[in-house]
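The primary structure of each chain is shown beneath.
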2 protein chains.
Amino acid sequence: MASFVSRLVCSRCGASFDPRGVHHLCDCGGALLVDYDLDTAGRTLDRDAVGARARGGMWRFRELLPVEDPASIVSLGEGGTPLVDSPRLAASLGLGKVLVKDDGRNPTGSFKARGAASGVTAAVERGVREVALPTAGNAGVAWAAYGAAAGLRVHVAMPADAPRANADSVRLVGGDLTLVDGLISDAARWIEAGIAEHGWYDAGTLREPYRIEGKKTLGFEIAEDLGWRFPDAVVYPAGGGVGLIGMWRAFAQLRELGWVGGEPPRMIVVQSTGCAPIVRAFERGEEVAERWEGARTIAQGLRVPSPPGDRLVLRAIRETGGTAVAVDDADIGAARTALGAATGILASPEGAATLAGARALAERGDLGRGDRVVLVNTGSGLVQTPD
Amino acid sequence: MASFVSRLVCSRCGASFDPRGVHHLCDCGGALLVDYDLDTAGRTLDRDAVGARARGGMWRFRELLPVEDPASIVSLGEGGTPLVDSPRLAASLGLGKVLVKDDGRNPTGSFKARGAASGVTAAVERGVREVALPTAGNAGVAWAAYGAAAGLRVHVAMPADAPRANADSVRLVGGDLTLVDGLISDAARWIEAGIAEHGWYDAGTLREPYRIEGKKTLGFEIAEDLGWRFPDAVVYPAGGGVGLIGMWRAFAQLRELGWVGGEPPRMIVVQSTGCAPIVRAFERGEEVAERWEGARTIAQGLRVPSPPGDRLVLRAIRETGGTAVAVDDADIGAARTALGAATGILASPEGAATLAGARALAERGDLGRGDRVVLVNTGSGLVQTPD
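The shown structure was predicted, so the numbers you read here are calculated from the model rather than taken from an experiment. (Residues numbered from 1 in each chain as written. Chains lettered and ligands numbered in written order. Predicted model: local features only at pLDDT ≥ 70, side-chain atom pairs only at ≥ 80, totals over all residues. Heavy atoms only, no water.)

## Section: the overall build of chain A
Rule in force here: Runs of H or I in DSSP of at least four residues are treated as helices and runs of E of at least two as strands, each being numbered from the N terminus. For this measure, only C-alpha atoms enter the radius of gyration; the expected value for a globule follows 2.2 Å times N^0.38, where N is the number of residues. Each residue is placed in one exposure class: buried if its accessible area under a 1.4 Å probe, protein chains only, is under 20% of its type's maximum, exposed if it is over 50%, and partly exposed if it falls in between. When checking whether two residues touch, look at their non-hydrogen atoms; a contact exists if any pair is within 4.5 Å. Using a 1.4 Å probe, accessible areas were evaluated by the Shrake-Rupley method; residue-level cover was limited to the displayed protein chains. Note that His is not counted, nor are the chain ends; the positive residues are Lys and Arg, and the negative ones are Asp and Glu. Every charge is mapped to an atom, namely NZ of Lys, CZ of Arg, CG of Asp or CD of Glu.
Each helix and strand counted, chain A has 13 helices and 13 strands in total. What you see for chain A is a C-alpha radius of gyration of 19 Å, in line with the 21 Å of a compact globule of 387 residues. Principal-axis analysis of the C-alpha atoms places the extent of chain A at approximately 50 × 50 × 40 Å. Within chain A, the proportion of its 387 residues that are buried is 64%. Within chain A, contacts between residues at least 6 apart in sequence are counted, and of these 70% link residues at least 24 apart. Summed over its atoms, the accessible surface of chain A is roughly 13,000 Å², and 47% of this surface lies on carbon and sulfur atoms. Each charge class in chain A can be summarised by its mean position, and for the 42 positive and 47 negative side chains these summaries are 3 Å apart.

Have a look at this one:
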């Protein structure tokens, strides 16, 4: 069965685009999102039949993903990660239920694999041969790996002080790696120059419409694993924030499909006190996030001073009655050990930040005994940052 | 449905033991293995019904695993890892088909998670509170993680020069870690002293009967993913060699169940030229492997000078018409990059050794165009060894 993709739509001005062909940003500068004919999909697709598919990871949801021909799918077995129920964490935080979505179990050790799988698949269907992206680390590894699987050339620019393991991993799967002095925003400028000069396909955050679609499957899986119900809150460590936007859209799509009823979860952002542009904008009631100067945190994935998805992230938080909180590096470190000892999950610093954030929110009364809370561990703790 | 476990049997003298209760080695010193009533299981269980279970990872095979009550299962989502078909590797080696079983995708980044899941589950069902094991690295992380999930205390002894990430990871999940100067055999002596003094449960390689059972599921999954057929050869990087013994038993059990027909695959061992006790014993026609002096290799998991399962590994190789080959560190390093660039899989040095070994065997004519070959990547390449 074909996908129910209907069109691309600008997230800022609402302009429509043909879903075939190569598209990046809208003329107005807005990011493009993929729309589906959910009316027909809801009448045609059975959630339990989709759920009963024994294989396929995130591609079990292929009709709700941007792929024309299932034979084009580039997969390393992404998605289908565990949702680990931790009564011990729930008791320690005083919450109704705490579930950890362990997305570090993906290929290349992070949730970025979902976006790379859908993004590279879309690139392959459009005849692309060379893609390029800036990265704080994990996305570069994921795109290089899926590029290798598909036989594409992948150009990656990464801050020179990103974790050594990320740089090693990009090279291990044959990616073309450039280390740039500075932050991810400096790496982005290097990539833009390369795109202008060589015509590479721009795979930067929200600069093509397909990456976010893979990340959306995180939301599908969470609802499915709860028996096609929504949790009360999802706590997400936002660097670029695309995973959060993706889940927010997934929850809305599940309601429109008629697969899940009731209120979608409150979307909660956790950032580091060393780089918290979204938290600051949320607290100030602003619609866009001002650039964060002097960004610095042990959670490298959160070191994104100007998140490209700021408008959408802030909308997702506000429309769902969510909130945003910043935690410091000491709390992240302590939460990492607490999460590991309570569950056996090796969490990344970014993933551990969600536990620190949930603890802060429980203390200030924003989460409580009535809440079933999902913490998203976006990366494997095996990707070690040496001291 | 309950498990079809029937008894424990000594792999050396054939003595039988009650499968309940705590058992370690036989009085004769032989390792105990778990036997099943495969006659009844074959009449009762349907392979396709088991295969259609959408969830559960390796525990989809729970009736063929040592667990009395499914509620006791300690799981972090192990098993169900991808079998990646690589036409590019097949072409480059001149083989019929090359499939990579990417077992680095398990919790804690290695196939050791399978053994820890079954081993910790069995320990929990026997009322054990404290377990202890020596490790080259990965097994310690796995047991510490599953111990944390189950609320057990886990004592781990590891060579002081094991990868830093392994030591960090054991601590991250609350394991009690001791670094020992020397090799895994020295760590084993430290653990034996602790067991004698404190009465810890001995979870060392083949010193309890249940760890190997989890690893066995590797074989079940490979046959299932090939449409309930055997490959022609399985290439395995042998440190302790338990995974190979487990798969060998799994293939025999699948035949006895009537689930798979035809000849079981040739079992092929790859070791490092810096520590190749099994290869040497195989070439000399010996039944046991003499200790390898001065063990040294970048593939830490292969640095096992006296593999406890030597007799069984050598039997598995000979009974299946397999072979054994040693590769050097330079070939392992080159194979790691070749595997990554051809498939997008981040392989451990141990996993990459299977590609180097397959290349050597293709060159000497032991593998050829008619062969469908499975390479077992036992660990994630994300577990970096800093140089």
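Moving on from the model shown.
## Here we look at the relation of the copies chain B and chain A
Put simply, the rule reads: Superposition of the copies was done by least squares, using only C-alpha atoms of residues whose pLDDT is at least 70 in both.
Overlaying chain B with chain A gives an RMSD of 0.0 Å, the required rotation being 180 degrees about an axis along which the chain moves by 0.0 Å. This pairing of chains is accounted for by a two-fold axis. Taking C-alpha positions as reference, the residue of chain B nearest the rotation axis is Ala 54 of chain B, located at 2.0 Å. Here 100% of the interface residues in chain B have copies in chain A that are interface residues too; the copies meet face to matching face.

## Re the pairing of strand β7 (residues 153–159) of chain A
Residue and element names in this part refer to chain A. The following threshold applies: Note: two strands are recorded as paired if DSSP finds a minimum of 2 bridges between them. Convention used here: a crossover is right-handed provided that the path from the first strand, over the helix, to the second strand proceeds clockwise when the strands point away from the viewer.
Across the seven residues of β7, six count as buried, placing the element largely inside the fold. Bridge count between strand β6 (residues 130–134) and β7: five bridges; the pairing is parallel. In the sheet register, Val 131 faces β7, and the bridge partner there is Val 154. On the question of chirality, the crossover connecting β6 to the parallel β7 by way of helix α5 (residues 138–150) is right-handed. Bridge analysis of β7 against strand β8 (residues 176–180) gives five bridges, and the strand direction is parallel. Looking at β8, one finds that Pro 159 is bridged to Val 180.

## Considerations on the packing of aromatic side chains
Residues and elements named next belong to chain B. What counts here: Planes of paired rings set the category: under 30 degrees apart is stacked, over 60 is edge-to-face and the rest tilted, where pairs are Phe, Tyr or Trp rings (Trp by its six-membered ring) whose centres lie within 6.5 Å.
Inspection of every chain in the model, using the stated rule, returns 10 aromatic pairs over all chains. Judged by centre distance (5.3 Å) and plane angle (75 degrees), the rings of Trp 228 and Trp 259 are edge-to-face. Of this pair, Trp 228 sits in the loop between α8 (211–225) and β10 (233–237) while Trp 259 sits in the loop between α9 (242–257) and β11 (266–272), and the two are 31 residues apart along the sequence. No difference in accessibility class separates Trp 228 from Trp 259, as the two residues are buried.

## Things to note about the pattern of salt bridges
Pairs can form between side chains of opposite charge whenever their charged atoms are close. Our working definition: Here, a salt bridge means any Lys or Arg side-chain nitrogen found within 4 Å of an Asp or Glu carboxyl oxygen.
According to the stated counting rule, one finds 48 salt bridges over all chains in the structure shown. Salt-bridge contacts for Arg 249 of chain A lead to Asp 35 of chain A; the nearest nitrogen and oxygen are separated by 3.6 Å. With a gap of 214 residues between them, Arg 249 of chain A in helix α9 (residues 242–257) and Asp 35 of chain A in strand β3 (residues 32–36) connect regions that are remote in the sequence. In this structure, Arg 249 of chain A and Asp 35 of chain A share a single accessibility class: buried. Of the charged contacts, one joins Asp 371 of chain A and Arg 266 of chain A as a salt bridge, the two residues approaching to 2.7 Å between their closest N and O atoms. You can see Asp 371 of chain A sitting in the loop between α13 (349–363) and β13 (372–377) and its partner Arg 266 of chain A sitting in strand β11 (residues 266–272), a full 105 residues away along the chain. Its relative accessible area of 12% is what places Asp 371 of chain A among the buried residues. Judged by relative accessible area, Arg 266 of chain A falls into the partly exposed class, the value being 22%. Residues participating in the shared-partner salt-bridge network are Arg 55 of chain A together with Arg 60, Glu 224 and Asp 225 of chain B.

## Brief notes about the environment of Glu 293 of chain A
All names here are of chain A. The line we're drawing: In the analysis that follows, any N or O atom pair within 3.5 Å is treated as a polar contact, provided that within protein one partner can donate a hydrogen and the other can accept it, and provided that, for residues neighboring in sequence, both atoms belong to side chains.
Along the chain, Glu 293 turns up in the loop between α10 (277–284) and α11 (310–319). C-alpha of Glu 293 to C-alpha of Ala 276: the two residues are 17 residues apart in sequence and 9.9 Å apart in space. A distance of 3.4 Å separates the side chain of Glu 293 from the side chain of Arg 291, its partner in a polar contact.

## As for the packing of helix α4 (residues 112–125) of chain A against α5 of chain A
Two quantities define a packed helix pair, namely the angle between the helix axes and the distance between the axes. Residues and elements named next belong to chain A. Heads up, the condition is: Angles run from 0 to 180 degrees between N-to-C directions of axes, and those axes are lines fitted to C-alpha atoms, restricted for helices to the stretch in contact. Orientation labels follow simple angle bins: below 35 degrees gives roughly parallel, above 145 gives roughly antiparallel, 65 to 115 gives roughly perpendicular, and whatever is left gives oblique. In this scheme the handedness of a crossing depends on how the near helix is turned from the far one: anticlockwise by less than a right angle means left-handed, clockwise means right-handed. Under this grouping Gly is polar, as are all residues other than the nonpolar Ala, Val, Leu, Ile, Met, Phe, Trp, Tyr, Cys and Pro and the charged Asp, Glu, Lys and Arg.
Across the interface, α4 lies against α5 with an axial gap of 9 Å and an inter-helix angle of 40 degrees. The angle between the axes of α4 and α5 places the two elements in the oblique class. Judged by the sense of rotation from one axis to the other, the crossing of α4 with α5 is right-handed. Between α4 and α5, the residues in contact are Lys 112, Ala 113, Gly 115, Ala 116, Ala 117, Gly 119, Val 120 and Val 124 and Asn 138, Ala 139, Ala 142, Trp 143, Tyr 146, Gly 147 and Ala 150, respectively. Along the lines of polarity and charge, the residues of the contact of α4 with α5 split into 10 nonpolar, four polar and one charged.

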